[in-house]
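Fold and geometry: a report
Chain residues, written in single-letter form:
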Amino acid sequence: MKVAILAGGMGSRLSEETELVPKPMLPIGDRPILWHILKHFDRFGHREFCLALGYKSEYVKRYFVDYQTLGRSFSLGLRAGTMTPQAGEIEDWTLHLLDTGLKTNTGGRLRRMAPYLSEGPFFFTYGDGVANVNLEALLAHHRRCGKQATLTAV
């Protein structure tokens, strides 16, 4: 099941912190908030993510483009232009990094992610809220109730 994440807001309530870095990329420990959210979904077997980007989208893109090389050891063949990863675990994630506009509201961002989410149910969350929700139980509840949407609040 895919996971849609809103990661494009201005983060105005944390303006001192988000002037240079978008809110989902603010660190918790040595990793950004967004990484912790992805890791939580990963623990429940969800590994395909659609990230609705806007404000400072280049920061999110750069982090994940550099993630594989900066997060582990590797060998470079300079002449051949090759890179061989060494030991170290890298998550098996597929990320769709979608520019959804700087001032686009929630509904507009979701609409722009629709082509990536049309195959069935999906999770939808904010890119700045880490919570310990049992996703298996949540999905079972959703299916049992037979509704179009299920909302959790923390």
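First, a word on scope: everything that follows refers to the structure included in this document. These numbers were taken from a predicted model, which means no experiment stands behind them.

Examining the pairing of strand β5 (residues 74–77)
For β5 and strand β6 (residues 82–85), the ladder comprises four bridges, and the chain directions are antiparallel. Bridge pairing in β6 places glycine 77 opposite threonine 82. Here β5 folds back onto β6, and the loop between the two strands holds four residues, one of which, glycine 81, carries a positive phi near 70 degrees.

Considerations on the sheet that holds strand β7 (residues 94–99)
Two strands in a sheet stick together by hydrogen bonds in their backbones, pointing the same way (parallel) or opposite ways (antiparallel). Pairing in this open sheet of four strands is parallel, and the strands run β7-β4-β1-β8 from one edge to the other. The open sheet terminates on both sides in strands that have one partner only, identified here as β7 and β8 (122–126). Strand-to-strand, the axes of this sheet are offset by a mean angle of 20 degrees, without reference to chain direction. Where strand β4 (residues 48–53) and β7 come together, six bridges link them in parallel fashion. Bridging from a neighbouring strand, cysteine 50 pairs with histidine 96 of β7.

Considering the packing of aromatic side chains
Tallied over the entire structure, the rule returns six aromatic pairs. Taking the centre distance of 5.7 Å and the plane angle of 45 degrees together, the rings of tyrosine 63 and tyrosine 67 count as tilted. With tyrosine 63 and tyrosine 67 both in helix α3 (residues 57–70), this residue pair falls four residues apart, about one helical turn. Through a chain of ring-to-ring contacts, three or more aromatic side chains come together here, namely Phe49, Tyr63, Phe64, Tyr67 and Trp93. Its end group placed over the ring of tryptophan 35, arginine 31 keeps NZ or CZ at 4.7 Å from the ring centre.

What about the side chain of histidine 96?
Tracing the chain through its elements places histidine 96 in strand β7. Dropping the residues within four chain positions of it, histidine 96 is found in contact with Glu48, Phe49, Cys50, Leu51 and Tyr116.

Focus: α3
Between its first and last C-alpha, α3 extends 19 Å over 14 residues, near the 20 Å set by a 1.5 Å rise per residue. The largest bend along α3 reaches roughly 25 degrees and is located at phenylalanine 64. Those residues of α3 that fall on the buried side of the exposure criterion are Ser57, Val60, Phe64 and Tyr67. On the buried face of α3, the contacting elements are β3 (31–32), α2 (33–43), β4 and β7.

Rules behind the numbers
Residues numbered from 1 in each chain as written. Predicted model: local features only at pLDDT ≥ 70, side-chain atom pairs only at ≥ 80, totals over all residues. Heavy atoms only, no water. Pairing = 2+ DSSP bridges. Helix = DSSP H or I, 4+ residues; strand = E, 2+ residues; numbered from the N terminus. Axes fitted to C-alpha atoms, helices over the stretch in contact; angles between N-to-C directions. Phe/Tyr/Trp six-rings, centres within 6.5 Å; stacked < 30°, edge-to-face > 60°. Lys NZ or Arg CZ within 6 Å of the ring centre and 35° of its normal. Contact = heavy atoms within 4.5 Å. Expected span 1.5 Å × (residues − 1). Bend = angle between axes of the 7 residues up to and from the residue. Buried < 20%, exposed > 50% of the residue type's maximum accessible area, 1.4 Å probe, protein only.

Function cannot be inferred from these measures alone, as they are strictly geometric.
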